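Chains, contacts and geometry: an overview
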Amino acid sequence: MNDFLSKSPKYSIPDLSSDNAKCCGCFACYSICPKKAISMKIDGEGFYYPVIDEEVCVKCNKCINTCNFKKEHIPHSEDTLVYAVKHKEKNILVNSSSGAAFTGLSDIILEQGGAIACSMFDYKVKIPKFVIASEKKQRDLARGSIYVQSYIGDIFLDAYGWIINNPDKDLLFIGTGCQTAGFREFIENIDKNYLNKVYFVDIICHGAPSPQFWTQYCTYLERRYKGEITYVTFKDKRNGWNRPTAAVKIGQNKEIMLKDYIKIYYEHCVLRPACYHCPYTNLERNTDITIGDYWGIEKVNPEFHSEKGCSLILIHTLRGKELFEKTKKVFDVWDSDIKSCLQPNLCHPTECPQNRKVFWDDYECKGLEYVLDKYGKDKFIVRVKRKIKRLFSD
Ligand SMILES: Cc1cc2nc3c(=O)[nH]c(=O)nc-3n(C[C@H](O)[C@H](O)[C@H](O)COP(=O)(O)OP(=O)(O)OC[C@H]3O[C@@H](n4cnc5c(N)ncnc54)[C@H](O)[C@@H]3O)c2cc1C
């Protein structure tokens, strides 16, 4: 039998990640494997990829069948509804990345005894990790976008266990497009009867940076500023939601701006290779709801625009519509349309920069501080222009 399996092309060891561009690192293959033959290993750029133990693999192909990146992307057929929303409670709005769509949507699930599987920053290890939150206080810790690929670990299995143990309750899973699609594939493949116990919500995503690059950056900051990072924000609204401030707090009151990291993020070299081929950079997702920033609201509805933030909500399914209807009262809502809400990552993936390889070669050979200096600073002429502009505006 074993001999037959290894000779038949259909039953060869599945090819999960020989091409990095085709693996989003969602951990679905690792989670579904009935033999625990798959482990997730970090590559040279600091991203997780699956590695199969050929001795343990029974070639059942469950991993391949669960891989959302290897499937043709089949969008749902229902029409997408588009809303701009702002949470009515100012305190919640200010402390959320956009218009607090996440808090509004998750509140109702928690109030009904359900739970939220979401990413939140873990200050011990300095990376965002998925957890299951069943109380509002814990859920609140997930507020704030963290521009680092979050760690999935065993969350798919934990969430599945939660669903089995709570048959009368709902779970809301929220992550980037690939993470939510990964969880959906996992549930569909492990037991599709549970699909209707989950609300699948994804966030619009510009791309996910290397967790290892970020943790090395944190270590560098802690060493340089002699203290521990106690707070991280990428979207502080002190200068308005349209001009987010990214900063860390070292110890109790030293604040360090993350200008170099943010510049490197927006130059796109540190993104996961699969991000440049992301199939979730469109309006037609296989989720119930997509949330993001409603960029451009000041142009399409200036009266609705707020410096405190505004969320875009795209509703793809009847189930998503029902959830939104239940939560609507906590928001100021504007009925929008597809044409008005478009932004780059709803139209196409972020482009791979030409100097990506040079960046990673520099990082490997010359280290973090070298790349922060080379790629994280504005060119001299840009700095001079900014200074002149400031002089004239003062
Ligand atoms: C890496 C990244 C890139 C993004 N790019 C865009 C973009 O191009 N355009 C756009 O409109 N919106 C983008 N967003 C989404 C946006 O920043 C807000 O997260 C979203 O609008 C929700 O805002 P809120 O006020 O409802 O949520 P908040 O209350 O601030 O909650 C944030 C939500 O995002 C989740 N989250 C935070 N960090 C991560 C992470 N690293 N991985 C997975 N989930 C995370 C939290 O668990 C929580 O559910 C991005 C988010 C991330 C994390």
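The text that follows walks through the structure, step by step, so that each part is easy to find. (Residues numbered from 1 in each chain as written. Predicted model: local features only at pLDDT ≥ 70, side-chain atom pairs only at ≥ 80, totals over all residues. Heavy atoms only, no water.)

As for a positive patch on the surface
Residues Lys 259, Arg 383, Lys 387 and Arg 390 make up a contiguous surface patch of positive charge. It is helix α16 (residues 380-393) that contributes the most residues to the positive patch, three residues altogether. Summarising the element assignment, Arg 390 is placed in helix α16. With relative accessibility at 46%, the residue Arg 390 sits in the partly exposed group. (Patch = residues over 30% accessible without salt bridge, like charges linked within 9 Å, V, L, I, M, F, W, Y side chains within 5 Å. Areas by Shrake-Rupley, 256 points an atom, 1.4 Å probe, with all protein chains shown as cover. Salt bridge = Lys/Arg side-chain N within 4 Å of Asp/Glu carboxyl O. Lys, Arg positive; Asp, Glu negative; His and termini not counted. Charge placed at Lys NZ, Arg CZ, Asp CG, Glu CD. Helix = DSSP H or I, 4+ residues; strand = E, 2+ residues; numbered from the N terminus. Buried < 20%, exposed > 50% of the residue type's maximum accessible area, 1.4 Å probe, protein only.)

Considerations on a nonpolar patch on the surface
Judged by side-chain polarity, Phe 380, Val 384, Ile 388, Leu 391 and Phe 392 come together as a nonpolar surface patch covering roughly 590 Å² of accessible area. You can see Phe 380 is positioned in helix α16. When its relative accessible area of 62% is taken as the criterion, Phe 380 is described as exposed.

Looking at the site of the ligand
The local shell around the ligand holds 33 residues, among which Ser 97, Ser 98, Ser 119, Ser 145 and Asp 293 are the closest. Residue Ser 97 places a side-chain N or O atom 2.6 Å away from an oxygen atom belonging to the ligand. At 2.7 Å, a backbone N or O of Asp 293 approaches an oxygen atom of the ligand. Here the ligand loses 98% of its free accessible area of 900 Å² to cover by the protein chains. Elements with a minimum of two residues in the shell around the ligand: α5 (101-111), β4 (115-122) and β11 (289-293). In terms of residue count, β11 provides more of the shell around the ligand than any other element does, three residues in total. Residue composition of the shell around the ligand, by class: 15 nonpolar, 15 polar and three charged. (Near = heavy atom within 4 Å. Polar contact = N/O pair within 3.5 Å; in protein donor to acceptor, adjacent residues only side chain to side chain. Nonpolar A, V, L, I, M, F, W, Y, C, P; charged D, E, K, R; others polar.)

Taken by themselves, the reported measurements are silent on function.
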